[in-house]
Amino acid sequence: MQIISSQIILFIGGIGFQEVLLIALVVLLFFGGKKIPELMKGLGKGVRSFKEGMNEVEEIKDETKAESRPEKKGEPKEEQ
């Protein structure tokens, strides 16, 4: 049985194409055509901020791991 990737995307969480289309139509009617670009811009900023926060957490985690590693013999100790 071969699964096509577009079918997987459409049926994630049980939401099909008709449901996505209905949701888009309701959003368009509720907010209007002029407000949607502003909403998407705000959503994009939020996602960007979230990604930056996640990257900072990863950097801190990596720094913590590097500091907690025991030093090998023969390597000079770092002085602070």
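The structure presented is a predicted model; accordingly, all values stated were derived computationally and were not measured.

**Q** A description of the packing of helix H2 (residues 17–31) against helix H3 (residues 35–68) should follow, citing residues and the corresponding values.
**A** Axis separation between H2 and H3 bottoms out at 9 Å; the angle between their running directions is 110 degrees. Put simply, H2 runs roughly perpendicular to H3. Touching Val27, Leu28 and Phe31 of H2 are Lys35, Ile36 and Leu39, all from H3. When grouped by side-chain class, the residues that make up the contact of H2 with H3 number five nonpolar, no polar and one charged.

**Q** Kindly report on the pattern of salt bridges, identifying the contributing residues and their values.
**A** For the coordinates displayed, the defined rule picks out two salt bridges. Its salt-bridge partner being Glu38, residue Lys35 comes within 3.5 Å of it at the nearest N-O pair. With Lys35 and Glu38 both in helix H3 and three residues apart, the pair spans about one turn of that helix. With relative accessibility at 40%, the residue Lys35 sits in the partly exposed group. Between Glu58 and Lys61 there is a salt bridge, with its nearest N and O atoms 4.0 Å apart. In this pair, Glu58 and Lys61 are both assigned in helix H3, three residues apart and thus about one turn of the helix distant.

**Q** Which residues make up a negative patch on the surface, and what values go with them?
**A** Together, Glu52, Glu56, Glu59, Asp62, Glu63 and Glu67 make up a region of like negative charge exposed at the surface. Here Glu63 lies in helix H3.

**Q** Break down the confidence of the model for the protein chain for me, with residues and values.
**A** Chain-level statistics for the protein chain give a pLDDT mean of 78 and a share of 70% at 70 or above. Within the protein chain, the lowest mean pLDDT, 55, falls on helix H1 (residues 5–10), and the highest, 89, falls on H3.

What counts, and where the lines are drawn
- Residues numbered from 1 in each chain as written.
- Predicted model: local features only at pLDDT ≥ 70, side-chain atom pairs only at ≥ 80, totals over all residues.
- Heavy atoms only, no water.
- Axes fitted to C-alpha atoms, helices over the stretch in contact; angles between N-to-C directions.
- Helix = DSSP H or I, 4+ residues; strand = E, 2+ residues; numbered from the N terminus.
- Parallel < 35°, antiparallel > 145°, perpendicular 65-115°, else oblique.
- Contact = heavy atoms within 4.5 Å.
- Nonpolar A, V, L, I, M, F, W, Y, C, P; charged D, E, K, R; others polar.
- Salt bridge = Lys/Arg side-chain N within 4 Å of Asp/Glu carboxyl O.
- Buried < 20%, exposed > 50% of the residue type's maximum accessible area, 1.4 Å probe, protein only.
- Patch = residues over 30% accessible without salt bridge, like charges linked within 9 Å, V, L, I, M, F, W, Y side chains within 5 Å.
- Areas by Shrake-Rupley, 256 points an atom, 1.4 Å probe, with all protein chains shown as cover.
- Lys, Arg positive; Asp, Glu negative; His and termini not counted.
- Charge placed at Lys NZ, Arg CZ, Asp CG, Glu CD.
- pLDDT = per-residue confidence, 0-100.

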